[in-house]
Amino acid sequence: MVKTIRKVTSFEELKRDEYRYWQSVSHEERAAAALQMILEVFRGKGLYQDGQGLDRSLVSFRPARS
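All values derive from a computational prediction rather than experimental measurement.

Caption draft 1: Region of interest: the overall build of the protein chain. Secondary structure summary: the protein chain contains two helices and zero strands in total. Split into buried and exposed, the 66 residues of the protein chain put 8% on the buried side. Surface summary for the protein chain: the accessible area is close to 6600 Å², and the carbon and sulfur share equals 55%.

The following block contains the structure:
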C-alpha cells in the first residue's frame, strides 16, 4: 500500500479526491475495504473480537451495470 499525504484547501476538493481514489481501485478491493470497516464498527461496539467469525460471509459480488 502506498500512502500519500496531501494538503487540500476545501472539503469539496477532499471529496473529489476521495471519489477518484475509490473509482481507481478494483471491485474486490472496495468490497474488502467495506468488510474491514464493518468489522471495525463491530469491534468498537464489542460485538466482534479477533478470532471469531461473522455468521455470514460474502459469497458473490457483482457490480451494478452502468
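Caption draft 2: Summary view of the side chain of Asp-17. Topologically, Asp-17 is positioned in helix H1 (residues 11-24). Taking relative accessible area as the criterion, Asp-17 reaches 18% and is therefore assigned buried. If near-sequence neighbours (up to four positions away) are discounted, Asp-17 is found in contact with Arg-6 and Val-8.

Rules behind the numbers
- Residues numbered from 1 in each chain as written.
- Predicted model: local features only at pLDDT ≥ 70, side-chain atom pairs only at ≥ 80, totals over all residues.
- Heavy atoms only, no water.
- Helix = DSSP H or I, 4+ residues; strand = E, 2+ residues; numbered from the N terminus.
- Buried < 20%, exposed > 50% of the residue type's maximum accessible area, 1.4 Å probe, protein only.
- Areas by Shrake-Rupley, 256 points an atom, 1.4 Å probe, with all protein chains shown as cover.
- Contact = heavy atoms within 4.5 Å.

All we've got here are geometric facts, nothing functional implied.
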